[in-house]
Amino acid sequence: MQLPKIYKDNDADLNLLRSKKIGLVGYGNQGSTQALNLRDNGFDVKIGLREGSCNKQLAEGEGFECYSIEKLVQLSDFISLLIPDQVMGQVYAEKIAPNLKEGHSLLFSHGYNIQYNLIEPPEFVNVIMAAPSGAGSELRKKFKIGKGIPGLIAVHQDYSGNSFELTLSYCKAIGLTRMGVFKSTFKEETETDLFGEQIILTGGIPKLIQSAYKVLLEANYNPITAWFVCYYELKTIVDLFHSKGFEFMNQAISDTAEFGGITRGNRIINENVRNEMRLALEEIQSGKFHKEWMNEYERGYPQLKNMREEEKQIPIEEISKQLLKALCENK
């Protein structure tokens, strides 16, 4: 397989962005990181916040000027939307859309609201995306030591004729092109991001760990021993294949672990599991998950609140807190 082009620092021109008045809507995990990285690269950044935002004090404490979102849009021509998916559409309709002018650029870090038509920008603006492949905290941590994390870049609507180059400039300004960005689309980024979260990152891996721990407890094994093999040792294995691939991991572990892992792993992740993965992807592609999530938001998150309480009661949660605290104290 031939890799597509990886856009790095040498492919991006920061001067394209320097001619813009930059406004960031939101100062959460991504908003604070991108604002700080932009400022460290010499950009003047203003912050737009919803009325009563708990992040206003934090942003002002970091030295940023904060405005209402309406005022921010009026003061800016390059606007990055970095607020939660479920509220972005309403904020856009009420506070951003009425203040847009010809030639404005709307930048997203996730394609959700464009893909599901919660936001339908006018034809006279650029609609672009710079999506970090990781949390804002990780992007900031890497940036401060002169490194970066990879990301995706996409153009949904190119009014100015140089939207791709302008987005590359933004990617460089926040540190993504230090490692590299790949060209994608809003549709592809949205659907694969949701799938990765649900099936692997925040769904599959945590549930696999919790279930394995429960099985060992039911078989009367020591909770501490069970915790080490189901929870603590995970990072070692992830670090191995994350650095150089699964073949490298298999070379680094024992023959017993390799044989048992492949044979039993294929039994656990069988065709029934893959069919559930396909079903989850279909729900994302069709918009079924989006409708389910928006309904949950509109009803005040009743199911999510119940699930959060249930998650707190999972057996591995309490012992994880105790052991991690004890291990850190000893360290």
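Reading guide: rules and limits
Residues numbered from 1 in each chain as written. Predicted model: local features only at pLDDT ≥ 70, side-chain atom pairs only at ≥ 80, totals over all residues. Heavy atoms only, no water. Salt bridge = Lys/Arg side-chain N within 4 Å of Asp/Glu carboxyl O. Helix = DSSP H or I, 4+ residues; strand = E, 2+ residues; numbered from the N terminus. Buried < 20%, exposed > 50% of the residue type's maximum accessible area, 1.4 Å probe, protein only. pLDDT = per-residue confidence, 0-100. Contact = heavy atoms within 4.5 Å. Core = buried A, V, L, I, M, F, W, Y, C linked by side-chain atoms within 4.5 Å. Phe/Tyr/Trp six-rings, centres within 6.5 Å; stacked < 30°, edge-to-face > 60°. Lys NZ or Arg CZ within 6 Å of the ring centre and 35° of its normal. Patch = residues over 30% accessible without salt bridge, like charges linked within 9 Å, V, L, I, M, F, W, Y side chains within 5 Å. Areas by Shrake-Rupley, 256 points an atom, 1.4 Å probe, with all protein chains shown as cover. 1 Å grid on protein atoms, 1.4 Å probe; cavity = no way out; pocket = protein on both sides within 12 Å on 5 of 7 lines; lining within 4 Å. Points joined across faces, edges and corners; volume = space filled by probe spheres on them. Nonpolar A, V, L, I, M, F, W, Y, C, P; charged D, E, K, R; others polar. Axes fitted to C-alpha atoms, helices over the stretch in contact; angles between N-to-C directions. Parallel < 35°, antiparallel > 145°, perpendicular 65-115°, else oblique. Left-handed = near helix turned anticlockwise from the far one by under 90°.

Quick word on the pattern of salt bridges
Here the structure, examined in full by the defined rule, presents 13 salt bridges. Linking Lys 235 and Asp 239 is a salt bridge whose minimum nitrogen-to-oxygen distance equals 2.7 Å. Taken together, the residues span about one helical turn, with Lys 235 and Asp 239 both in helix H12 (residues 234-244) at a distance of 4 residues. Residue class for Lys 235 comes out exposed when judged on its relative accessible area of 56%. Looking at Asp 239, the relative accessible area reads 39%, which means it is partly exposed. Of the charged contacts in the structure, one is a salt bridge between Arg 299 and Glu 296, with a shortest N-O distance of 3.3 Å. Because the salt bridges share partners, they merge into one network encompassing Glu 271, Arg 274 and Arg 278.

Things to note about the confidence of the model for the protein
Of the residues in the protein, 99% have a pLDDT of 70 or more, and the chain-wide mean is 94. The spread of mean pLDDT over the elements of the protein runs between helix H18 (residues 315-330), the lowest at 85, and strand S5 (residues 105-108), the highest at 98.

Some thoughts on the environment of Phe 186
By the secondary structure assignment, Phe 186 is in helix H9 (residues 186-201). For Phe 186 and Ala 154, which are 32 residues apart along the polypeptide, the C-alpha to C-alpha distance reads 6.4 Å. In contact with Phe 186, other than residues within four places in its own chain, are Phe 108, Gly 111, Ile 114, Gln 115, Val 127, Ile 128, Met 129, Ala 154, Val 155 and His 156.

Re the nonpolar core
With 34 residues, the main nonpolar core has Leu 17, Leu 24, Leu 38, Ile 47 and Tyr 170 as its most contacted residues. Only helix H1 (14-18), strand S1 (22-25), helix H2 (29-40), strand S2 (45-49), strand S6 (126-132) and helix H8 (163-174) provide two or more residues apiece to this core. Broken down by element, this core gets its largest block of residues, 7 residues, from H8. Not counting chain neighbours up to four residues away, the residues in contact with Leu 24 comprise Gly 31, Gln 34, Ala 35, Leu 38, Val 45, Lys 46, Ile 47, Gly 48, Leu 72, Ser 80, Leu 82 and Tyr 170.

A short note on the packing of aromatic side chains
A complete count under the given rule lists 12 aromatic pairs for this structure. Plain terms: the ring middles of Trp 227 and Tyr 231 are 5.1 Å apart, the flat faces sit at 20° to each other, and that makes the pair stacked. Here Trp 227 and its partner Tyr 231 are both found in helix H11 (residues 223-232), 4 residues apart, which amounts to about one turn of the helix. With relative accessibility at 0%, the residue Trp 227 sits in the buried group. For Tyr 231, a relative accessible area of 32% gives the class partly exposed. The interplanar angle of 40° and the centroid separation of 5.7 Å between the aromatic rings of Trp 293 and Tyr 301 together place this pair among those described as tilted. The structure contains a cluster of three or more aromatic residues connected by ring pairs, namely Trp 227, Phe 228, Tyr 231 and Tyr 232. If you follow Arg 18 out to its NZ or CZ, it ends over the ring of Phe 43, 4.4 Å from the centre. Positioned over the ring face of Phe 64 is Arg 39, at 4.2 Å from the centre of the ring.

Focus on a nonpolar patch on the surface
On the surface, a cluster of nonpolar side chains totalling about 330 Å² of accessible area is made up of Ile 200, Leu 201, Ile 205 and Leu 234. Mapped onto the elements of the fold, Ile 200 is located in helix H9.

What about the environment of Leu 194?
Note on placement: Leu 194 falls in helix H9. Judged by its relative accessible area of 5%, Leu 194 falls in the buried class. It is 30 Å that separates the C-alpha atoms of Leu 194 and Leu 72, two residues lying 122 residues apart in sequence.

Section: unusual backbone geometry
For residues other than glycine, phi is negative in most cases, and the peptide bonds are mostly trans. Even without glycine at this site, Asn 117 takes up a positive phi of about 60°. Residue position: Asn 117 is located in the loop between helix H6 (112-115) and S6. Unusually for a residue other than glycine, Asn 220 sits at a positive phi of about 70°. For Asn 220, the position within the fold is in the loop between helix H10 (204-218) and H11.

Considering the layout of surface pockets
The calculated volume of the second largest pocket comes to roughly 220 Å³. Lining the second largest pocket are Pro 206, Ile 209, Gln 210, Tyr 231, Tyr 232, Leu 234, Lys 235, Ile 316, Glu 317 and Ser 320. For the lining of the second largest pocket, the secondary-structure elements that each account for two or more residues are H10, H11, H12 and H18. Residue composition of the lining of the second largest pocket, grouped by class: 6 nonpolar, 2 polar and 2 charged.

With respect to the packing of H10 against H11
Look at H10 against H11: their axes get within 9 Å of each other, and the N-to-C directions meet at 150°. The angle between H10 and H11 falls in the class roughly antiparallel. Pair H10 / H11 crosses with right-handed handedness. Of H11, the residues touching H10 (which contributes Ile 209, Ala 212, Tyr 213, Leu 216 and Leu 217) are Pro 223, Ala 226, Trp 227, Val 229, Cys 230 and Tyr 231. For the contact of H10 with H11, a count of residues per class yields 11 nonpolar, no polar and no charged.

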